[in-house]
Amino acid sequence: MHIINRITKSIPYLYFIAIAAYWFTTINRTEGLTAYPILLFGIPFLWQIIKPNKKLNFALGITFVCLSSYLIIAYLSKIINFSHLAFNSNSVMLTAGLFVVTNFIMAMWIIKNSLRSRF
């Protein structure tokens with residue numbers, strides 16, 4: 001049971017590490033060497049898996065909730081400004097919506113983990 005709890009606590013960190021790796025591979029194909037600083041975004045999440053820190057955990061959670069809230073507002077304003085949706089843009093908007101909502105859920109999960117371990 002302890003292993004399952006540890007795995008479920010690390011799911012949001014693994015998600016953000018996977019996003020950073022995907023972003024890196026996508027940019028690396030087109031930009032080359034300038035994509036390597038993107039890998040730095042995964043370091044705090046990897047650190048939280050290896051050696052958890054309460055302050056870093058809470059800071060990551062708050063930061064990514066704020067960024068995810070901004071993404072939600074930008075996504076909603078983009079949807080409102082569409083006059084008509086074609087099939088291709090409809091699938092892109094659905095994928096973007098899932099990405100935005102998943103980011104917000106994972107950030108809230110990080111905050112929940114930090115509050116649960118704090119008290």
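Look above for the structure.
Residues numbered from 1 in each chain as written. Predicted model: local features only at pLDDT ≥ 70, side-chain atom pairs only at ≥ 80, totals over all residues. Heavy atoms only, no water.

(A) Examining the environment of I7 more closely. For I7, the location among the structural elements is in helix 1 (residues 2-31). Here I7 falls in the partly exposed class, since its relative accessible area comes to 47%. As for I7 and I49, which are separated by 42 residues in sequence, their C-alpha atoms are 9.5 Å apart. (Helix = DSSP H or I, 4+ residues; strand = E, 2+ residues; numbered from the N terminus. Buried < 20%, exposed > 50% of the residue type's maximum accessible area, 1.4 Å probe, protein only.)

(B) Representation of the nonpolar core. Y13, Y15, F16, F45, L60, F64, V65, M106, A107, I110 and I111 form the largest nonpolar core, which has 11 residues in total. At the level of secondary structure, the elements contributing two or more residues to this core comprise helix 1, helix 3 (54-81) and helix 4 (87-118). Residue contacts for F64: discarding those within four places in its chain leaves F16, F45 and A107. (Core = buried A, V, L, I, M, F, W, Y, C linked by side-chain atoms within 4.5 Å. Contact = heavy atoms within 4.5 Å.)

(C) Structural detail: the packing of aromatic side chains. The full count for this structure, using the stated rule, is six aromatic pairs. Summarising the aromatic geometry, the rings of F16 and F64 are spaced 4.8 Å apart at their centres and angled 40 degrees between planes, so their arrangement reads as tilted. Placement of F16 in helix 1 and of F64 in helix 3 is noted, with a sequence separation of 48 residues between them. On the accessibility criterion, F16 (6% relative accessible area) is buried. Where W23 meets F41, the ring centres are 5.4 Å apart and the plane angle is 20 degrees; that geometry is what we call stacked. Of the two residues, W23 is situated in helix 1 and F41 in the loop between helix 1 and helix 2 (43-50); the sequence distance between them amounts to 18 residues. Residue classification places W23 among the partly exposed residues on the basis of a relative accessible area of 40%. Classification of F41 by relative accessible area gives partly exposed; the value is 49%. Chaining the aromatic ring pairs together yields one cluster made of Y15, F16, F45 and F64. (Phe/Tyr/Trp six-rings, centres within 6.5 Å; stacked < 30°, edge-to-face > 60°.)

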